[in-house]
Amino acid sequence: MKPNLLRAYEKMLLIRIAEQELVNLYLREKIMSFVHFYVGQEAVAVGVCDALKKEDRVLGNHRSHGHYLAKGGNLTKMVSELLGRKTGLARGKGGSMHMRAPEVNVIGTTPILGSVVPLSCGSAFEQKFRREKGITTAFFGDGAFEEGVVYETLNLAALFKLPLLLVVENNLFAVNSKLKDRRSPNYDVEKIVTGLGAAYFKADGNDYEDVHAKAVKAVAQVRRGSPAVLECVAYRHMAHSAPIFDEGYREEDILEMRLRKDPLKKVRRALLARGVSEKKLVALEGATKKDVLKSVAAALHAPYPAKGELYTDLYAA
Ligand SMILES: Cc1ncc(C[n+]2csc(CCOP(=O)(O)OP(=O)(O)O)c2C)c(N)n1
């Protein structure tokens, strides 16, 4: 599957500009719940989703605006959800971390760390059991990779040869904890994954073309009957759950490096080098911003759920 770089740039731009507008809404206190921004990691969501087909399913975690949009989720509905509006994905009751778009096979995003992994395994099991064509892809972080359910799931997926692709977005931190403070020096993701019987691929998460190429290989492997893990090393530009650009705790991942490796700049440079005009890119950037602002305006004008709905759609164990 050959990537369409201009289309990929457009999708990455949509995610980036949408996130920037969500930052504005957050700072204006229009968003009253947690938000984890995806800025800096756009090449992963778009690179992987461009290697998937519509029938393939996607699940995500607490930082999943990018995955939802890359798979084709509707932006107005997503912004409406974050603003707590009735027109949102969960009628305004789920917020940023509970998104789903069944029409494009975004099955759901879940904030309990690692929970997306066994859920996606169940989805892949169903696809195999019903002899469906699609595969299931789950996105989660390096911190979640350390949860016990990941190892149990990989074992089961390898045993049953499930059509499951786990994408680990290694942005070097889990909240403020660095990899080296959390893992023994001998910790080896590839050995863990292959030792459990799954295939392992690694990509530069700042580079759309590398992510896409490795995702195509990983997806092919999964379709052939072996679960796979694709580890993408990327940078999260903002703080864990707030629009702060530099909190001072990072050493190996400093602001200057993050900006230099910006995945959007890389794709933009490649497009210019391949003959796409500056004028065309500026026009695309302007048009995308206009679309995002239209979605934000529509969401801001949407109604809140009625008071009578306060106790509906709730589940209490
Ligand atoms: C079971 C559980 N423990 C703790 C948390 C709190 N928590 C939310 S995100 C996070 C770190 C996530 O790190 P990572 O998986 O690397 O993803 P990233 O935020 O870097 O994208 C933690 C500890 C949680 N949501 N669930």
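The structure we're discussing is the one just above.
Residues numbered from 1 in each chain as written. Predicted model: local features only at pLDDT ≥ 70, side-chain atom pairs only at ≥ 80, totals over all residues. Heavy atoms only, no water.

### Description of the sheet that holds strand β3 (residues 136-141)
Line of reasoning, step 1. Read across the sheet, six strands follow the order β2-β1-β3-β4-β8-β7 without closing on themselves; strand pairing throughout is parallel. The open sheet has two edge strands, β2 (106-109) and β7 (199-204), and neither has a second partner. Strand after strand, the sheet turns through a mean of 15° between neighbouring axes, direction not considered.
Line of reasoning, step 2. Note: strand β1 (residues 57-60) against β3, three bridges, orientation parallel. (Pairing = 2+ DSSP bridges. Helix = DSSP H or I, 4+ residues; strand = E, 2+ residues; numbered from the N terminus. Axes fitted to C-alpha atoms, helices over the stretch in contact; angles between N-to-C directions.)

### A closer look at the site of the ligand
Line of reasoning, step 1. Looking at the ligand, there are 14 residues lining it, with H62, R63, P111, G143 and A144 nearest.
Line of reasoning, step 2. Note that an oxygen atom of the ligand is positioned 2.8 Å from one of the side-chain N or O atoms of H62.
Line of reasoning, step 3. At a separation of 2.7 Å, an oxygen atom of the ligand approaches a polar side-chain atom of R63.
Line of reasoning, step 4. Considered on its own, the ligand offers 580 Å² of accessible surface; in the complex 72% of this is hidden by protein. (Near = heavy atom within 4 Å. Polar contact = N/O pair within 3.5 Å; in protein donor to acceptor, adjacent residues only side chain to side chain. Areas by Shrake-Rupley, 256 points an atom, 1.4 Å probe, with all protein chains shown as cover.)

### Focus on the layout of surface pockets
Line of reasoning, step 1. Approximately 250 Å³ is the volume found for the largest pocket.
Line of reasoning, step 2. If you trace the largest pocket, you find 20 residues lining it, with N61, H62, R63, L113 and H240 closest to the centre.
Line of reasoning, step 3. When residues of the lining of the largest pocket are traced back to their parent elements, those giving at least two are β3, α6 (142-145) and β5 (173-174).
Line of reasoning, step 4. No other element matches α6, which puts three residues into the lining of the largest pocket. (1 Å grid on protein atoms, 1.4 Å probe; cavity = no way out; pocket = protein on both sides within 12 Å on 5 of 7 lines; lining within 4 Å. Points joined across faces, edges and corners; volume = space filled by probe spheres on them.)

### Details of the packing of helix α12 (residues 263-273) against helix α13 (residues 278-301)
Angle between the axes and distance between the axes: these two values describe a pair of packed helices.
Line of reasoning, step 1. Running from amino to carboxyl end, α12 crosses α13 at an angle of 140°, the nearest separation of the two axes being 10 Å. Packed against α12, whose contacting residues are R268, L271 and L272, the element α13 presents E278, L281, V282 and E285 at the interface.
Line of reasoning, step 2. A class-by-class count of the residues in the contact of α12 with α13 yields four nonpolar, no polar and three charged. (Contact = heavy atoms within 4.5 Å. Nonpolar A, V, L, I, M, F, W, Y, C, P; charged D, E, K, R; others polar.)

### Side note on the nonpolar core
Line of reasoning, step 1. Counting residues in each nonpolar core, the largest one holds 66 residues, and the members touching the most others are V48, M78 and L165.
Line of reasoning, step 2. Looking at which element gives the most residues to this core, the answer is helix α1 (residues 5-27), with eleven residues.
Line of reasoning, step 3. Excluding residues within four positions of it along the chain, V48 makes contact with A43, T137, F139, L165, V167, V211, A215 and L230.
Line of reasoning, step 4. Counting residues in each nonpolar core, the second largest holds 21 residues, with L59, V116, A144 and V168 among its members. (Core = buried A, V, L, I, M, F, W, Y, C linked by side-chain atoms within 4.5 Å. Buried < 20%, exposed > 50% of the residue type's maximum accessible area, 1.4 Å probe, protein only.)

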